[in-house]
Each structure stands twice: as structure tokens, then as C-alpha cells.
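Residue-level structure breakdown
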Amino acid sequence: MLRLPQMSDYDAWYQLRHSSRDFLKPFEPRWTEADLGRRVFAMRVKRARVEAEEGTDYSFFIFLTDGGQQTLVGGVTLSNIRRRAAQFVNLGYWMGQQFAGKGLMSEAVAASLPFVFDTLDLHRIHAAFLPGNVPSRRVLEKNHFVEEGFSESYLQIDGRWEDHVLFGLTRERYEICRYTGRRV
């Protein structure tokens, strides 16, 4: 299940991010223990709600559900939505260490695609990952994204400008794969 974060998610979010810090550190912008504070989280929740209302960004938490019980496992962000001639969004995601490698992120990205193409009515999704991040490549390939390029010093990760592999998915590719079940 994907949904916007709520203040009631704070304890689960804190525990997941804190316990996964060393796992996430090589793949994310630099953050400190202070970034895990309740007040910072409250600002994130408020910003996520405002951005969703404005239609510019959507920050979703990923939950496993079992008998009414929800377990936070990670997050998916759809950011920098562009309209007019561009009609695209950037995709980002993170997974708690104990849930990684189980196919959950592939499922979460798949669950976000109808929202992007059917609800938001966008034409493209862009995603980028560090060249050595094979699990991230697999998530995108499983969801029919294709490699489109390479960007030198693309994002600041753990305090350093890092190169990234660029992937994309168009509405046309998405619809062919969704309706035929085949890869294009």
C-alpha cells in the first residue's frame, strides 16, 4: 500500500530510518540524527501534504499490510512534476534494510505507475541511480524502464557529487507492457 505520510507514522519511520542508516548512507544525500527528529518529520508531513495538494510532488510511504496491521518498509517519491510540453516526473525511492531484496520496491514502483500515467496523466517518468546499484537497476528494468543515458556529477550523495545512470519510461512503453504483458 502507498499513501502520504502522517504524524502517526513517526515512530515506525524513525525506527526504520535509524536502523537502516548505514545501508542507506551510500545512496542518499547526507543526513544526520537531527534529520530524524519529530519536528523535522512534522515539517516533512506538512510539506508532503501541501505539495500533493499543489500537484508538484508526491511523497508516499510503502506499507506491507497483513490482517489490518501496517508495516512501514520504505518510500517512493514522485517529484518535480512538469506540465506543458514536458509532462514528466522524477522517481526516487528508498527501502529499509530488513525489507530490501524481497521484490517489495519493484511492487511499489509498479503500484505508482497507474497513478503517474492514469491519474496525473503524465507522459514520462525519469529515474536515476548510482552505476554500481544493481538492485535499483533491477527495480526499474522489472517495471519496463529503459536506460537512456549517463549523467556526470548528477546528484550529491553522502556529501559528494556522483555520476548516475539515467532511466526512463514513456506512456507508450507502459501501455504496451501493461496491456500485452510483454517487454518492449
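This one's a predicted model, so the numbers in the text were calculated from it and none came from an experiment.

As for the sheet that holds strand 5 (residues 124-129)
Taken together, 7 strands build an open sheet; the order of strands is 1-2-3-4-5-7-6 and the sheet is mixed. With partners counted over all chains shown, the strands left at the sheet margins are strand 1 (2-3) and strand 6 (146-157), one partner each. Note that strand 6 and strand 7 (residues 160-170) share 8 bridges and pair antiparallel. Considered in strand 7, the bridge of Gln-156 is made with Trp-161. Contacting strand 2 (58-66), strand 3 (69-82) and strand 4 (88-95), helix 1 (residues 10-19) runs over the sheet at an angle of about 85° to strand 3. The strands touched by helix 4 (residues 104-119) are strand 1, strand 2, strand 3, strand 4, strand 5 and strand 7; relative to strand 4, the strand with the most contacts, the crossing angle is about 155°.

A short note on the pattern of salt bridges
The tally for this structure, following the rule as stated, stands at 11 salt bridges. Residues Arg-137 and Glu-147 are paired through a salt bridge, measuring 3.2 Å at the closest nitrogen-oxygen approach. With Arg-137 in helix 5 (residues 134-142) and Glu-147 in strand 6, this residue pair connects regions lying 10 residues apart in the sequence. With a shortest N-O distance of 3.4 Å, Arg-171 and Glu-175 are connected by a salt bridge. Residue Arg-171 and its partner Glu-175 are located together in helix 6 (residues 171-180), separated by 4 residues, close to a single helical turn. Note on Arg-171: relative accessible area 16%, which makes it buried. Given a relative accessible area of 28%, Glu-175 falls into the partly exposed group.

Description of the confidence of the model for the chain
When pLDDT is averaged along the chain, the result is 94; 98% of the residues meet or exceed 70. Per-residue pLDDT, averaged within each element of the chain, yields its smallest value for helix 6 (87) and its largest for strand 5 (98).

The rules behind the values
- Residues numbered from 1 in each chain as written.
- Predicted model: local features only at pLDDT ≥ 70, side-chain atom pairs only at ≥ 80, totals over all residues.
- Heavy atoms only, no water.
- Pairing = 2+ DSSP bridges.
- Helix = DSSP H or I, 4+ residues; strand = E, 2+ residues; numbered from the N terminus.
- Contact = heavy atoms within 4.5 Å.
- Axes fitted to C-alpha atoms, helices over the stretch in contact; angles between N-to-C directions.
- Salt bridge = Lys/Arg side-chain N within 4 Å of Asp/Glu carboxyl O.
- Buried < 20%, exposed > 50% of the residue type's maximum accessible area, 1.4 Å probe, protein only.
- pLDDT = per-residue confidence, 0-100.

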